[in-house]
Amino acid sequence: VSTQSTGVVMGRVSLALYLSLLCLLLGFTKPQESFEDEEWGEFDQIEEEFRPETSDHTEEPRIPSKKVVSTPRPTSEDLDPEISVETAGDGILVEEYDEDEFIGFEKEKSKPVYKPQNIEIDKNELILGNPGPSNYYLEGCFIAFIVLYLLNLLVGKRTNEQIARAWAKSFRNIFEENFSRVGDGPMMVKESHSQFRVSATGRINCIGLQAVLNLRRRHDLLAEFFSLFRSPKDLLTIDVAMEDMEPFLFAILPKYKERSYKKAYKDLESFGTPYPVSSLPEHLLVYTDAKELIPNFLHGDVVKTIDSYQDLIQFIWFSDQHPIYPKYKKLLRFVFKIPPISELEKMRLPIKMAIHFIDRVASLKLSSMARDKTLKIRAMASKAESKQSIQEMQELSLIHISEPTRQAEISY
């Protein structure tokens with residue numbers, strides 16, 4: 001009997017445990033939304049504590065106190081009297097949980113969450129190479145610049161050619177009258193879109209003449225833009241290589257360009273001395289190493305021409321020590337401004353004056369005192385120049401000698 005009673009008790013206990021497990025399972029069995037949102041919220045919070053945060057939004061852990069689940073009404077036979085279960089009306093089973101089981105799951109303070117504002121983004125803007133009209137602004141600017149550059153190239157090139165042809169047509173007879181040969185085939189040779197050259201030979205007292213038209217770079221759009229600030233001029237440069245001339249320096253230059261010319265022509269600084277001449281316009285200055293040349297060169301017709309066309313005369317320079325052409329050191333140079341095509345005839349007298357100075361310089365003879373002075377100045381300048389060149393060569397040799405020693409010290 002004791003064995004049977006013991007078996008009955010064990011059976012009831014087993015049944016009670018089974019029903020308890022069943023109730024627990026049924027209590028946690030709900031629709032998917034309720035299961036995810038309420039039942040296992042505290043376990044999701046535990047998992048979030050052991051993994052890196054992937055979202056800015058965190059939920060507070062919830063501690064369940066009582067769970068109400070819809071389940072069939074159990075009969076008295078199915079229940080164990082030792083198990084405390086409360087039943088409510090309409091078949092509601094109420095199961096109580098011990099809140100001590102959830103010790104440690106305290107509510108965390110909610111953290112401030114940044115909520116980005118809703119920004120509307122046009123999907124078309126995210127597509128690379130969108131063929132919308134707004135994407136053609138840059139291309140349109142490039143095309144407009146290229147078209148403008150080509151138009152300026154054609155117009156500027158044509159304008160310079162017109163100036164060169166008009167100048168050659170106006171003064172061809174002057175060169176043909178004073179030289180036996182003008183040009184090699186055509187009179188004028190085009191060096192570039194802005195430079196034209198005329199050469200003439202076959203005259204006594206000189207080797208030859210070369211006239212170069214240095215016009216504005218009208219074909220260059222950027223040069224035309226900068227010309228708005230610098231205002232360059234069209235210039236005519238006439239160089240005459242002399243066969244023979246006395247050793248002297250003579251130059252007429254504007255005062256406001258004195259520094260730049262002294263930098264470009266070293267003999268002005270080495271040999272020349274400035275002299276103001278009352279017969280010349282106030283803005284012009286004379287540089288020479290022989291003062292007696294001033295009345296010989298600046299006589300009546302020359303002074304009258306310079307005074308009448310002072311706006312065209314830029315620079316006049318005679319020297320037997322030309323620094324650029326070693327083969328033709330004895331050189332006469334005239335630099336004139338070129339007026340507009342309609343006023344080209346203004347250049348006739350200045351060009352004739354340049355040709356006049358060929359014979360004038362060749363026939364000039366310095367006095368013995370002036371000649372000795374100019375030769376002495378040139379000897380001193382040559383000595384200083386050779387001394388400077390020797391010093392520069394010594395410095396270069398010291399550099400070459402010290403270089404291997406320094407490299408050996410570095411390698412050591």
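Okay, the overall build of the protein next. The helix and strand tally for the protein stands at 11 helices and 13 strands. Within the span of the protein, comprising 412 residues, buried residues form 32% of the whole. Considering only intrachain contacts with a sequence separation of at least 6, the fraction spanning at least 24 residues in the protein is 65%. For the protein, the exposed surface amounts to about 28400 Å²; the carbon and sulfur share of it is 57%.

Quick look at the packing of helix H4 (residues 137–178) against helix H10 (residues 348–363) now. Taken N-terminus to C-terminus, the directions of H4 and H10 make an angle of 30°; their axes are 11 Å apart at the nearest point. For the element pair H4 / H10, the angle class is roughly parallel. H4 and H10 meet at a crossing whose hand is right-handed. Packed against H4, whose contacting residues are Trp167, Ser170, Phe171, Asn173, Ile174, Phe175 and Asn178, the element H10 presents Arg348, Ile351, Lys352 and Ile355 at the interface.

One can describe the packing of helix H9 (residues 300–308) onto H10 by two numbers: an axis separation of 10 Å at closest approach and a directional angle of 145°. The two elements H9 and H10 meet at a crossing, and its hand is left-handed. Along the contact surface, H9 presents Val302, Thr305 and Ile306, while H10 presents Leu349, Pro350, Met353, His356 and Phe357. Of the residues assigned to the contact of H9 with H10, the class counts are six nonpolar, two polar and no charged.

Here the focus is the environment of Lys304. The residue Lys304 is located in helix H9 in this model. Judged by relative accessible area, which is 61%, Lys304 ranks as exposed. The sequence separation of Lys304 and Ser279 amounts to 25 residues, and the corresponding C-alpha distance is 9.1 Å.

This brings us to the confidence of the model for the protein. With 63% of its residues at a pLDDT of 70 or more, the protein shows a mean pLDDT of 76. Ignoring residues within four places in sequence, the model shows residues 28–38, a span with pLDDT below 50, making 12 contacts including any to other chains. pLDDT under 50 marks residues 85–94. Its contacts with residues more than four places away, or in other chains, come to 14 contacts.

Under the definition given, this model contains 16 salt bridges. Its salt-bridge partner being Arg172, residue Glu176 comes within 2.7 Å of it at the nearest N-O pair. With Glu176 and Arg172 both in helix H4 and four residues apart, this pair spans about one turn of that helix. When its relative accessible area of 43% is taken as the criterion, Glu176 is described as partly exposed.

Within the secondary structure layout, Ile316 lies in strand E12 (residues 313–319). In the structure, Ile316 is positioned 79 residues away from Thr237 in sequence and 9.9 Å away in space, judged by C-alpha atoms. Residues in contact with Ile316, not counting those within four places in the same chain, are Phe250, Ala251, Ile252, Arg333, Phe334 and Met353.

Let us look at the packing of aromatic side chains. Applying the stated criterion across every chain yields a total of 18 aromatic pairs. Judged by centre distance (5.9 Å) and plane angle (50°), the ring pair of Trp167 and Phe175 falls under tilted. The exposure classification of Trp167 matches that of Phe175, with both residues buried. For the ring pair Phe297 and Phe357, a centre distance of 5.8 Å and an interplane angle of 80° mean the geometry is edge-to-face. Here Phe357 lies in helix H10 and Phe297 lies in helix H8 (residues 293–297), a separation of 60 residues in the sequence. Through a chain of ring-to-ring contacts, the aromatic side chains of Phe248, Phe250, Phe297, Phe318, Phe334, Phe336 and Phe357 assemble into a single cluster.

Bringing a nonpolar patch on the surface into the picture now. Taken together, the side chains of Leu222, Phe225, Phe226, Leu228 and Phe229 present a nonpolar region at the surface, about 600 Å² in accessible area. Tracing the backbone through its elements, the reader meets Phe226 in helix H5 (residues 221–230). Given the relative accessible area of 45%, Phe226 is considered partly exposed.

Looking at the element boundaries, Ser194 is found in the loop between strand E5 (188–192) and strand E6 (195–201). Owing to a relative accessible area of 9%, Ser194 belongs among the buried residues under this scheme. In contact with Ser194, other than residues within four places in its own chain, are Asn160, Leu213, Asn214, Leu215, Arg216, Arg217 and His219.

Parameters and conventions
- Residues numbered from 1 in each chain as written.
- Predicted model: local features only at pLDDT ≥ 70, side-chain atom pairs only at ≥ 80, totals over all residues.
- Heavy atoms only, no water.
- Helix = DSSP H or I, 4+ residues; strand = E, 2+ residues; numbered from the N terminus.
- Buried < 20%, exposed > 50% of the residue type's maximum accessible area, 1.4 Å probe, protein only.
- Contact = heavy atoms within 4.5 Å.
- Areas by Shrake-Rupley, 256 points an atom, 1.4 Å probe, with all protein chains shown as cover.
- Axes fitted to C-alpha atoms, helices over the stretch in contact; angles between N-to-C directions.
- Parallel < 35°, antiparallel > 145°, perpendicular 65-115°, else oblique.
- Left-handed = near helix turned anticlockwise from the far one by under 90°.
- Nonpolar A, V, L, I, M, F, W, Y, C, P; charged D, E, K, R; others polar.
- pLDDT = per-residue confidence, 0-100.
- Salt bridge = Lys/Arg side-chain N within 4 Å of Asp/Glu carboxyl O.
- Phe/Tyr/Trp six-rings, centres within 6.5 Å; stacked < 30°, edge-to-face > 60°.
- Patch = residues over 30% accessible without salt bridge, like charges linked within 9 Å, V, L, I, M, F, W, Y side chains within 5 Å.

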